[in-house]
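Chain by chain, the residues:
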Amino acid sequence: MTSELILHHYDPSPFSEKVRLVLGLKGLAWRSVIVPMVLPKPDLMPLTGGNRRTPVLQIGANIYCGTNLIAAELERRFPEPTIYPARSHGICAMLSLWADQILFVPSSAYAIREADHFPPGFYEDRRAMRGYATIATGETAPHHLDQLQLQMTYVERTLGKASPFVLGEYPSIADFAIYARVWWAQLFGGDQGEFAALPRVGAWLQRIAAIGHGTRREMTPQEALAAARDAKPDATAINVAASPVSAWMGQHVSMATEGLGPDPVEGEVVAVADDLIALRRCDPLVGEVLVHLPRQGYEIKSAKRKDA
Ligand SMILES: N[C@@H](CCC(=O)N[C@@H](CS)C(=O)NCC(=O)O)C(=O)O
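This one's a predicted model, so the numbers in the text were calculated from it and none came from an experiment.

Overview of the pairing of strand β7 (residues 265-272)
Here β7 lies mainly inside the structure; 6 of its 8 residues are buried. Across 4 bridges, strand β6 (residues 252-257) lies against β7 in antiparallel orientation. In the sheet register, Val-253 faces β7, and the bridge partner there is Gly-267. Hairpin remark: β7 followed by strand β8 (residues 276-283), antiparallel, with 3 residues in the connecting loop.

Structure representation (structure tokens):
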């Protein structure tokens, strides 16, 4: 039996929205597990081994972190329709990084301008995660919106009659990464005409929203943990690459993001591919799991086995 696609996410999560649209484009059925917006996340940690970021994709005992990696894995398993039309992997990766990291800044600062929409402790949690305050008050919100609008003019200039999507005729992961930022900025208190001056962007937003999320069915965290416990991880599907980091194969390592909020995950390297490293780890609650982490933006270090 093929394992179900389980997305650990929460509704007001822009990175999750990006993945939900991939599921929508591919017309997939998936199970939804809602994770808390702030730490602690006791039902997620047994699966990821320390990566708290949202979303996480679980397929049996295979765990995938990072939205670009999750999208690539969904593409590998369900190639049609593609999220990289006309061999656009490279440009998609570049545009996704722009959306995830550069567009991220004003869109998030604007989105979280009012505390009413967030659980208690939200700002403190994010401050601790990033190491700096991310709160946009009423005073700074217009500046962040201005920065976001400015960057969205790049998208306005890219879209045209013959190019309904960022890369032309077909939607791609680049559309979803960019859309997720605007969706997030408008989630609380939009639409107050934030993008009224950008008519092509306005029509494009509606086109992307119409793609939907596929077929979502809720699942409890306990059911998801049981699904991992009952499955065996499988590294054989990974296209192992000859790369400078393949020297890590078989070693016990710690992988942490280079940026703020490192969230280190430890395990034994069992596969190295162009875009990912898979770590095998054992958890008392779920047994053996394979945590797939992106190589992009992650640092890998030798670590001592706790049981050694
Ligand atoms: N590079 C990561 C970033 C994910 C991310 O930062 N997600 C936000 C939510 S949209 C997050 O994890 N916030 C903290 C949390 O959910 O605990 C990815 O592509 O998945």
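Quick word on the packing of helix α7 (residues 173-187) against helix α8 (residues 199-209)
Following both chains from N to C, one finds α7 and α8 inclined at 105 degrees, their axes separated by 11 Å at the closest point. One finds that α7 runs roughly perpendicular with respect to α8. Across from Asp-175, Phe-176, Ile-178, Tyr-179, Val-182 and Gln-186 in α7, the residues of α8 making contact are Trp-204, Leu-205, Ile-208 and Ala-209. Taken together, the residues of the contact of α7 with α8 sort by class into 8 nonpolar, 1 polar and 1 charged.

Concerning the packing of aromatic side chains
Tallied over the entire structure, the rule returns 9 aromatic pairs. Seen from their ring centres, Phe-118 and Phe-122 are 4.4 Å apart, and the 15 degrees between their planes marks the pair as stacked. Here Phe-118 and Phe-122 have matching classes, each one buried. On the basis of an interplanar angle of 80 degrees and a centroid distance of 6.3 Å, the ring pair of Phe-118 and Trp-184 is categorised as edge-to-face. Taken together, the residues span a long stretch of sequence, with Phe-118 in the loop between α4 (89-111) and α5 (122-130) and Trp-184 in helix α7 at a distance of 66 residues.

Details of the environment of Ile-59
Tracing the backbone through its elements, the reader meets Ile-59 in strand β3 (residues 56-59). Separated by 184 residues in the primary sequence, Ile-59 and Ser-243 place their C-alpha atoms 26 Å from one another. Filtering out sequence-adjacent residues up to four positions away, Ile-59 remains in contact with Ser-3, Glu-4, Leu-5, Tyr-64 and Arg-77.

Some remarks on the site of the ligand
Near the ligand there are 13 residues, and of these Tyr-10, Lys-41, Arg-52, Thr-54 and Thr-67 occur at the shortest range. Taking Lys-41, its side chain carries an N or O atom lying 2.6 Å from an oxygen atom of the ligand. Take Arg-52: an N or O atom from its side chain is 2.8 Å from an oxygen atom of the ligand. Every element with two or more residues in the shell around the ligand is listed here: α1 (14-25) and α5. Of the residues that constitute the shell around the ligand, the class distribution is 5 nonpolar, 4 polar and 4 charged.

Some thoughts on the domain arrangement of the protein chain
According to the domain assignment, the protein chain contains domain 1 (5-80 + 216-302) and domain 2 (89-209). If you average the C-alpha positions of domain 1 and of domain 2, the two centres end up 24 Å apart. Residue-level contacts link 23 residues of domain 1 with 25 residues of domain 2. For the pair domain 1 and domain 2, the summed buried area comes to about 2000 Å², and 69% of that belongs to carbon and sulfur atoms. A salt bridge links Lys-18 to Asp-100; the nearest nitrogen and oxygen atoms lie 2.9 Å apart. For the interface between domain 1 and domain 2, the tally reads 6 residue pairs in polar contact (both at pLDDT 80 or more).

Rules of the game
Residues numbered from 1 in each chain as written. Predicted model: local features only at pLDDT ≥ 70, side-chain atom pairs only at ≥ 80, totals over all residues. Heavy atoms only, no water. Buried < 20%, exposed > 50% of the residue type's maximum accessible area, 1.4 Å probe, protein only. Helix = DSSP H or I, 4+ residues; strand = E, 2+ residues; numbered from the N terminus. Pairing = 2+ DSSP bridges. Axes fitted to C-alpha atoms, helices over the stretch in contact; angles between N-to-C directions. Parallel < 35°, antiparallel > 145°, perpendicular 65-115°, else oblique. Contact = heavy atoms within 4.5 Å. Nonpolar A, V, L, I, M, F, W, Y, C, P; charged D, E, K, R; others polar. Phe/Tyr/Trp six-rings, centres within 6.5 Å; stacked < 30°, edge-to-face > 60°. Near = heavy atom within 4 Å. Polar contact = N/O pair within 3.5 Å; in protein donor to acceptor, adjacent residues only side chain to side chain. Domains from an automatic or database assignment. Buried area = accessible area lost by both parts, 1.4 Å probe. Salt bridge = Lys/Arg side-chain N within 4 Å of Asp/Glu carboxyl O.

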